[in-house]
Amino acid sequence: MPESYTELYFPVLVQAICAMALAAGLLTVSFLLGNRVRNRVKDMPYESGIVPTGDARQRFSVKFYLVGMLFILFDIEAIFLYPWVVVYRELKMFAFVEMLIFVVLILSGYFYIWKKGALDWSGADAASRKR
Amino acid sequence: MPASFTSAADLIRLLPEIILTVMGTFLMVLDPILHKRSSRAFGHLSILALAGGIGGSVYAYAHAGPAFGGMLMVDGFATFFRVLVMVVGILTVLPSYRFLNRQDAETSEYHALLLFSIAGQCLMAAANELIIVFIGLEISSIASYVLAGYLRDDKRANEASLKYFLLGSFATAFFLYGVALIYGSTGSVNLIAVRAAISGQNAPEPVFLGLAAALMFVGLGFKVSAAPFQIWAPDVYQGAPTPVAAFLSAGPKAAAFAVFLRIFMTAFEPIGGGWEPLVWISALLSMTIGNFAALLQSNVKRMLAYSSIAHAGYVLVALTARSETGTAAAMFYLAAYALMNIGAFAVVSHLSGRGERYQNIDDLAGLGQKQPLTAAMLAIFLLSLIGVPLTGGFFGKFYIFKAALDSHLYWLAVLGLLNSAVAAYYYLRILVMMYMHEPGEAVEAVEPLSLGLRAALILPAMGTLFLGIFPAWVLDFAGKSAALVK
């Protein structure tokens, strides 16, 4: 147990103050010293050097969100494989069996979304299944 | 590092969760394989899984003890709540046959989600470590958020699901913050170790402990819908499909109370004087807000939601008592409450009709003439909710207020009893509506009782009467298991 919490967390406080001071200082200095040229072209939204076309507020398919969500889910689950690799030598058979169970669970989830047609972008599979 | 993490005994003690998870996963992948919709088989399978889970938890109790290095504690307390949530699960599936068929929404995913949610609740019941509590809470909650919005073409169900999800995840974050503070100040998340650290020589600063206990109270108070964290309950219960609302009002609530009791009666027991006023106020607020708001409701599901807030208040009275009798009384009350409440919801699900049109108290008019059996069963549940002798609700209230008096909480007991008198009014109003009015449009349109619904009404009614006539059977077990600190 630490002697006192104030003592223990004092360095953190100093660090936080330094970080904020640095960020504020840099912004202030560049604001004071930098010279600004304002014109119509310069105030346009930055689109990697290409002249922007149209409005950004468009409707787009909900499928993007579905794929995005599924990607994040499986991506995060795959991350568990990294710590597993590190401790595999020590845990041997136990780790193998545990990972087998984990992978089977992930694969059953994958099987589910696949068969449900969540990965089918055009909807062609669903149409052919109905027939 | 130990040579092996898992022994056969560990797996036996985790048996109910294993059975539920395997069967849930199986049911989940069954739906896309079979394109034909056959809900009867899905329902049968999930009842089979739950019955297997009950068998598994009894078998686990025969090999009671800690599992996975003290992360789980399989004792009488855990077994009591595991069996309770699985019985709640079975009583949810039984009325779902007819309900899902009527809404054209028969899929195996419904049952899979139900099983996952119950697996999380079983884990909560047995958890002996804050991280496991959190994992169980999430497994249970995430599945129930989806279940609340199961009828996805229904606007109200969408509203219910979204509200439940947003507020629920916010509350879970509070709980997790409390866990972090506990780990920071005691260096452990194991409840026994936390208790030792709190009552030991180098006790951590009380500010951190108090803050942690308060944050956990917020998180758990939300899950049991105790005031002032009860706002979500009426909207969610009203919008969710009726069998799901029945489940939400009994299963997650019982599991959250199990966690509540275990954390506050083991780890935080040494600082009991600190959190007692907090729970005292919350208990009184829940009873009063729940009962008085229920008086004004015209929708049966909303009324039952407010009544379930009031019942959470009664259980908090038992927690305020801070004694083994109080814990045993809370366990008994939760069992009685789960049976009578889920039975009352089953009647609503039977009457509501396609698209859940009929949910008002007026729609129950004349049920006594048209379907005497349904009306009689609902009467038993309502009388038990009031707390009339010969029903489980009576002994539940009796033991809770007795525990409160034993701990010298005279004011809380008096205010609680006054509250139950107020509650009698809105329950009796339904009885009057059923027996003393001519049948209305809703009752004329009611279908004959299907086999599943018959079972869903008669079984909890028998259970309620059993708890009211032979309370000692359950109470003895609860009393034996209530000693959480060994």
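Student: Any chance you could break down the overall build of chain B for me, citing the residues and the numbers?
Tutor: In terms of regular secondary structure, chain B is built from 21 helices and two strands. Its C-alpha atoms put chain B at 70 × 55 × 40 Å along the principal axes. Burial statistics for chain B: of 486 residues in total, 59% are counted as buried. Once local pairs closer than 6 in sequence are excluded, the contacts in chain B between residues at least 24 apart make up 81%.

Student: Tell me about the overall build of chain A, residues and numbers included.
Tutor: Within chain A one finds five helices and zero strands. When the helices and strands of chain A are listed from N to C terminus, the series reads α-α-α-α-α. For a compact globule of 131 residues, the expected C-alpha radius of gyration is about 14 Å, and chain A comes in at 27 Å, more than 25% above that figure. Dimensions of chain A, computed from the C-alpha atoms along their principal axes, are close to 70 × 60 × 25 Å. Put simply, chain A has 131 residues, and 0% of those count as buried.

Student: Tell me about the interface of chain A and chain B, and please be specific about residues and values.
Tutor: At the interface, 10 residues of chain A touch 11 residues of chain B. By residue class, the composition of the side of chain A that touches chain B is six nonpolar, one polar and three charged.

Student: Could you give an account of the nonpolar core, with specific residues and numbers?
Tutor: All names here are of chain B. Of all hydrophobic cores here, the largest spans 189 residues; its most connected members are Leu84, Ala254, Phe332, Tyr333 and Leu334. Looking at this core, the element that brings in the most residues is helix α14 (residues 324-351), giving 20 residues. Ignoring any residue separated from it by four or fewer positions in sequence, one finds Phe332 in contact with Phe395, Gly396, Tyr399, Val474, Leu475 and Ala478.

Student: Pulling in residues and values, what's your account of the environment of Leu261 of chain B?
Tutor: Residue and element names in this part refer to chain B. Residue placement: Leu261 occurs in helix α11 (residues 242-267). Taking the C-alpha atoms as reference points, Leu261 and Ala330, separated by 69 residues in sequence, lie 8.7 Å from one another. Beyond its immediate stretch of four places on either side in the chain, Leu261 contacts Leu319, Thr327 and Ala330.

Student: Can you break down unusual backbone geometry residue by residue, with the values?
Tutor: All names here are of chain B. Pro228 follows Ala227 through a cis peptide bond whose omega is 0°. Among the structural elements, Pro228 can be located in the loop between α9 (206-223) and α10 (232-239). Even without being a glycine, Ser225 presents a positive backbone phi close to 50°. Ser225 sits in the buried class, given 29 other C-beta atoms within 10 Å. Of note in the backbone geometry, His408 takes a positive phi value of approximately 60° without being a glycine.

Student: Outline helix α2 (residues 15-33) of chain B, supporting the account with residue identities and numerical values.
Tutor: The terminal C-alpha atoms of α2 of chain B, which comprises 19 residues, lie 27 Å apart, in line with the 27 Å expected from a rise of 1.5 Å per residue. Among the residues of α2 of chain B, those classed as buried are Leu15, Pro16, Glu17, Ile19, Leu20, Thr21, Met23, Gly24, Leu27, Met28 and Asp31 of chain B.

Student: Mind laying out the confidence of the model for chain A, listing which residues take part and the relevant values?
Tutor: Scored by pLDDT, chain A has a mean of 84; 92% of the residues are at 70 or more. The element-level mean pLDDT for chain A is lowest in helix α5 (residues 124-130) of chain A, coming to 57, with helix α1 (residues 5-33) of chain A highest at 91.

Student: Would you mind going over the packing of helix α8 (residues 191-199) of chain B against α11 of chain B in detail, with residue names and values included?
Tutor: All names here are of chain B. The N-to-C vectors of α8 and α11 enclose an angle of 35°; their axes lie 8 Å apart at closest approach. Across the interface between the two elements, Leu191, Ile192, Val194 and Arg195 of α8 pack against Arg262, Ile263, Thr266 and Ala267 of α11. Each residue belonging to the contact of α8 with α11 can be placed in one class, and the counts come to five nonpolar, one polar and two charged.

Student: Outline the environment of Gln297 of chain B, listing residues and values.
Tutor: With respect to the helices and strands, the residue Gln297 of chain B is situated in the loop between α12 (272-295) and α13 (300-320). Contact partners of Gln297 of chain B, with chain neighbours within four places excluded, come to Arg302, Met303 and Tyr306 of chain B.

Student: How would you explain the confidence of the model for chain B if you had to name every residue and give the values?
Tutor: Residue and element names in this part refer to chain B. With 98% of its residues at a pLDDT of 70 or more, chain B shows a mean pLDDT of 89. Ranking the elements of chain B by mean pLDDT puts helix α19 (residues 441-444) last with 81 and helix α6 (residues 130-148) first with 94. Across the interface, the model reports ipTM at 0.80; the global pTM reads 0.89.

Student: Explain the packing of α14 of chain B against helix α20 (residues 451-469) of chain B to me, and be specific about the residues and the numbers.
Tutor: Residue and element names in this part refer to chain B. In contact at an axis separation of 9 Å, α14 and α20 are set at 150° when each is read in the N-to-C sense. Here α20 runs roughly antiparallel to α14, going by the angle between their axes. Considering the relative orientation of α14 and α20, their crossing is left-handed. On α20, the residues touching Ala335, Ala336, Leu339, Met340, Ile342, Gly343, Ala346, Val347 and His350 of α14 are Leu453, Ala456, Leu457, Pro460, Ala461, Gly463, Thr464 and Leu467. When its residues are assigned to classes, the contact of α14 with α20 shows 13 nonpolar, four polar and no charged.

Student: Account for the environment of Met377 of chain B, with residues named and values stated.
Tutor: All names here are of chain B. Following the sequence through the fold, Met377 ends up in helix α16 (residues 372-386). The exposure class of Met377 is buried, given the 27 C-beta atoms found within 10 Å. Sequence separation between Met377 and Met340 is 37 residues; the distance between their C-alpha atoms is 9.7 Å. Not counting residues within four places of it along the chain, the set of residues in contact with Met377 comprises Gly343, Val347, Leu457, Ile458 and Ala461.

Scoring rules and cut-offs
- Residues numbered from 1 in each chain as written.
- Chains lettered and ligands numbered in written order.
- Predicted model: local features only at pLDDT ≥ 70, side-chain atom pairs only at ≥ 80, totals over all residues.
- Helix = DSSP H or I, 4+ residues; strand = E, 2+ residues; numbered from the N terminus.
- Buried ≥ 20, exposed ≤ 12 C-beta atoms within 10 Å, placed from the backbone.
- Contact = placed C-beta atoms within 7 Å.
- Rg over C-alpha atoms; globule rule 2.2 N^0.38 Å.
- Nonpolar A, V, L, I, M, F, W, Y, C, P; charged D, E, K, R; others polar.
- Core = buried A, V, L, I, M, F, W, Y, C linked by C-beta atoms within 7 Å.
- Expected span 1.5 Å × (residues − 1).
- pLDDT = per-residue confidence, 0-100.
- Axes fitted to C-alpha atoms, helices over the stretch in contact; angles between N-to-C directions.
- Parallel < 35°, antiparallel > 145°, perpendicular 65-115°, else oblique.
- Left-handed = near helix turned anticlockwise from the far one by under 90°.

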